[in-house]
Amino acid sequence: MAWALKLPLTDEVIESGLVQDFDASLSGIGQELGAGAYSMSDVLALPIFKQEESNLPPDSENKILPFQYVLCAATSPAIKLHDETLTYLNQGQSYEIRMLDNRKLGELPEITGKMVKSIIRVVFHDRRLQYTEHQQLESWRWNRPGDRILDLDIPMSVGMVDPRANPTQLNTVEFLWDPSKRTSVFIQVHCISTEFTMRKHGGEKGVPFRIQIDTFKENDGEEYTEHLHSASCQVKVFKPKGADRKQKTDREKMEKRAPQEKEKYQPSYETTILTEVRVSNNRNVLLQCSPWPEVTYVNNSPSPGFNSSHNRHKHANLLPVATPQDAQQWLHRNRFSPFCRLFTNFSGADLLKLTREDVIQICGPADGIRLFNALKGRVVRPRLTVYVCQESQQAREQQQKHENGDAASSTFFVYHAIYLEDLTAVELTEKIAQLFNISPRQISQIFKQGPTGIHVLVSDEMIQNFQDEVCFVLDTMKAETNDGYHIILK
């Protein structure tokens, strides 16, 4: 088990410059072991590498990961050295994943004593299947109505808080956990690898999956959207007891190999360490993970006072000069977060060059058409438009003049448009909060001023009966029970 943890570190050591000293460090090995008598596995076990670990540059020290995830299932012995490990799982069997806090003293102090959110997903390893993931999952749903691809075994899990499984995301589960406390999560994978092969005549090889874990911390709005760490491992899923038979077959094959051949393969480890998925411009990122889980975009640079900057930016067209970072933000704002990872290195010009057929092939028919229309700036008319104006002392005076017949006074009112799709009181609250640049939690209730000045509570049904392009003046009143405010529509 200790060697399983050392192996990734040794790879990083070799890659970070020790290979330059390889010849000098191995001088004399020929005399001790005899010419040609040593193998790479012998070299990696030599004490010189352990001595060099303390001399790593500061950059390597910073690569210690904040978390580590351990899948309690053995790796295959039939994997060559330096290849990624492969783990066999049985369909429907509960497997433990240990969530470990690997932070150094003082690292990420903002999450000390707080919960973090982890999202576990089963995604495709092959790039071809990643591009058609939506269609593949929809086909699986059609053939297996009522079933899920991934489930949590809640009774067996420890330290897990608020577990959730979205009915529309069959391959995803999420939960909160405290890194300072022992946390073990048990998962069950209900699909098998051969369900996604091209031809099914019996005896075909199943496609590999990836178990990916993404961990987030809270932002200033108390939403778990700030990414901390991602890691994944490669697995294949067999029918019940099939993984045990496959593991036994691989072990027997390795036992029949000559000693020289065995040295080209990894040993089988009792557990599987999920390896980090780096957020970078690495071209291999697509091979390591599927699209990011959907997160809520938060405007981190609000304009002061009362404005509609959020609505303007949300519906703004993507420009060809947009950088890859700008393109990622545009995808988030327009509800294309699940595809952000696929378009990690795409600039605005790259996205705008995609044809309708390209986008549909990558995102699936439904989301592909929606993304293509958004890229081309095809705006869909909202279900309800409401115009609002913030009431001030000057506005009250102008309103009084307007009521007295001074039509010119109306030109002093500046209204802002609110576009509603769901036609609910919650949606209206959120849109008004965006205009004020405040949290929706600070708005206690929304009232509409009725006859004789009475305050009528705004409900979903009332909003559904609003006339399109109705105008309101917004007034605020301090709530009696908390620090929030009541909004009054006049």
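Structure: above.
Residues numbered from 1 in each chain as written. Predicted model: local features only at pLDDT ≥ 70, side-chain atom pairs only at ≥ 80, totals over all residues. Heavy atoms only, no water.

Student: Got a minute to help me understand unusual backbone geometry in this structure?
Tutor: Apart from glycine, the bulk of residues carry a negative phi angle, and the bulk of peptide bonds sit in the trans form. Unusually for a residue other than glycine, His82 sits at a positive phi of about 75 degrees. Tracing the chain through its elements places His82 in the loop between β1 (67-71) and β2 (86-90). Unlike most non-glycine residues, Thr452 shows phi in positive territory, near 60 degrees. With respect to the secondary-structure elements, Thr452 resides in the loop between β15 (443-449) and β16 (455-457). Exposure remark for Thr452: the relative accessible area of 80% places this residue in the exposed category. (Helix = DSSP H or I, 4+ residues; strand = E, 2+ residues; numbered from the N terminus. Buried < 20%, exposed > 50% of the residue type's maximum accessible area, 1.4 Å probe, protein only.)

Student: I keep staring at the packing of aromatic side chains and nothing clicks. Help me out?
Tutor: By convention here, two paired aromatic rings are described through the distance between centres and the angle between planes. Scanning all chains against the criterion turns up 8 aromatic pairs. Consider the rings of Tyr88 and Phe238, whose centres lie 5.4 Å apart with planes at 85 degrees: the pair is edge-to-face. In this pair, Tyr88 is assigned in strand β2 and Phe238 in strand β10 (residues 224-238), connecting sequence segments 150 residues apart. Seen from their ring centres, Trp330 and Phe336 are 6.2 Å apart, and the 15 degrees between their planes marks the pair as stacked. Accessibility assignment for this pair places Trp330 and Phe336 in one class, buried. Connected via pairs of aromatic rings, a cluster forms that spans Phe124, Phe196 and Phe209. Sitting over the face of the ring of Tyr485, Lys478 holds its NZ or CZ atom 5.7 Å from the ring centroid. (Phe/Tyr/Trp six-rings, centres within 6.5 Å; stacked < 30°, edge-to-face > 60°. Lys NZ or Arg CZ within 6 Å of the ring centre and 35° of its normal.)

Student: What is the right way to read the nonpolar core from this model?
Tutor: Where a protein is soluble and globular, its nonpolar side chains tend to be buried together. Within the largest apolar cluster, 40 residues are counted, with the highest numbers of intra-cluster contacts made by Tyr69, Leu71, Leu89, Ile97, Ile120, Phe209 and Ile211. By residue number, the principal contributor to this core is β10, which donates 5 residues. Dropping the residues within four chain positions of it, Ile97 is found in contact with Tyr69, Val70, Leu71, Ile120, Thr183, Ser184, Val185, Ile187, Ile211 and Ile213. Among the nonpolar cores identified, the runner-up in size contains 23 residues, and Leu428, Ala433, Leu435 and Ile443 belong to it. (Core = buried A, V, L, I, M, F, W, Y, C linked by side-chain atoms within 4.5 Å. Contact = heavy atoms within 4.5 Å.)

Student: It is not clear to me how the packing of helix α15 (residues 356-363) against helix α16 (residues 365-375) should be interpreted in this structure. Could you clarify?
Tutor: Angle between the axes and distance between the axes: these two values describe a pair of packed helices. Closest axis-to-axis distance for the α15/α16 pair is 7 Å, and the angle between their directions is 140 degrees. Between α15 and α16, the crossing angle belongs to the class labelled oblique. Where α15 crosses over α16, the two elements pack in a sense that is right-handed. Of the residues in α16, those touching α15 at Arg356, Val359, Ile360 and Cys363 are Pro365, Asp367, Gly368, Ile369, Leu371 and Phe372. (Axes fitted to C-alpha atoms, helices over the stretch in contact; angles between N-to-C directions. Parallel < 35°, antiparallel > 145°, perpendicular 65-115°, else oblique. Left-handed = near helix turned anticlockwise from the far one by under 90°.)

Student: Sorry if this is basic, but what is going on with α16 here?
Tutor: Side chains three or four residues apart in an α-helix point the same way, a direct result of the helix having 3.6 residues per turn. Buried within α16 are the following residues: Gly368, Leu371, Phe372, Ala374 and Leu375. Buried residues of α16 fall within an arc of 160 degrees about the axis and therefore sit on the same side. Elements in contact with the buried residues of α16: α13 (324-333), α14 (348-352) and α15. At the exit of α16 stands Gly377, carrying a positive phi of roughly 75 degrees. (Arc of directions from axis to C-beta.)

Student: Sorry, what's going on with the environment of Asp162 here?
Tutor: Considering the arrangement of structural elements, one finds Asp162 in strand β6 (residues 160-164). Here Asp162 falls in the partly exposed class, since its relative accessible area comes to 37%. A C-alpha to C-alpha distance of 5.5 Å links Asp162 and Phe175, two positions 13 residues apart in sequence. Sequence-distant contacts of Asp162, that is, excluding residues within four places in its chain, are made with Glu174, Phe175 and Leu176. Polar side-chain contacts of Asp162 include one of 3.1 Å to the side chain of Arg164. (Polar contact = N/O pair within 3.5 Å; in protein donor to acceptor, adjacent residues only side chain to side chain.)

Student: Explain the side chain of Ser232 to me, please; I cannot follow it from the model alone.
Tutor: By the element assignment, Ser232 lies in strand β10. Relative accessible area serves as the criterion here: at 1%, Ser232 is assigned to the buried category.

Student: Help me understand the pattern of salt bridges, please; the structure alone is not making it clear to me.
Tutor: Side-chain pairs of opposite charge can arise where the charged atoms are in close proximity. The final tally for this structure, using the stated rule, is 18 salt bridges. The partner of Arg98 in a salt bridge is Glu96, with the nearest N and O atoms 3.5 Å apart. Under the relative-accessibility criterion, Arg98 is labelled partly exposed at 36%. With its nearest N and O atoms 3.1 Å apart, the salt bridge here joins Arg164 to Asp162. Overall, the relative accessible area of 48% leaves Arg164 in the partly exposed class. Ionic contacts of the salt-bridge type, sharing partners, join the residues Glu110, Lys217 and Glu226 into one network. (Salt bridge = Lys/Arg side-chain N within 4 Å of Asp/Glu carboxyl O.)

Student: Help me understand empty space enclosed by the protein in this model?
Tutor: Regions of empty space are outlined by a rolling probe, equal in size to a water molecule, passed over the atoms. Across all of its chains, the model carries 2 cavities of 30 Å³ or more by this definition. Of the volumes computed, that of the second largest cavity is approximately 50 Å³. Considering the residues around the second largest cavity, the lining is formed by Val122, Val123, Phe124, Glu133, Leu137, Ile149, Asn171, Phe196 and Phe209. Within the residue set of the lining of the second largest cavity, elements represented by two or more residues are β4 (116-124) and α8 (133-143). Here the residues of the lining of the second largest cavity sort into 7 nonpolar, 1 polar and 1 charged. (1 Å grid on protein atoms, 1.4 Å probe; cavity = no way out; pocket = protein on both sides within 12 Å on 5 of 7 lines; lining within 4 Å. Points joined across faces, edges and corners; volume = space filled by probe spheres on them. Nonpolar A, V, L, I, M, F, W, Y, C, P; charged D, E, K, R; others polar.)

Student: Help me understand α13 in this model?
Tutor: Inspection of α13 places Ala327, Gln328, Trp330, Leu331 and Arg333 among the buried residues, and these make up the whole buried set. With its phi angle positive at about 65 degrees, Arg335 sits one or two positions after the end of α13.

Student: Before we go on, may I ask you to explain the sheet that holds strand β8 (residues 183-189) in this structure?
Tutor: Strand pairs in the sheet, formed through backbone hydrogen bonds, run parallel or antiparallel to each other. Pairing is antiparallel across the open sheet formed by 5 strands, whose spatial order is β5-β8-β3-β1-β11. Edge positions in the open sheet fall to β5 (150-152) and β11 (272-273), since each of these has one partner strand only. Relative to strand β3 (residues 95-101), β1 is paired through 5 bridges, and the arrangement is antiparallel. Bridge pairing in β3 places Leu71 opposite Ile97. (Pairing = 2+ DSSP bridges.)

Without other data, these values stay purely geometric and don't point to any function.
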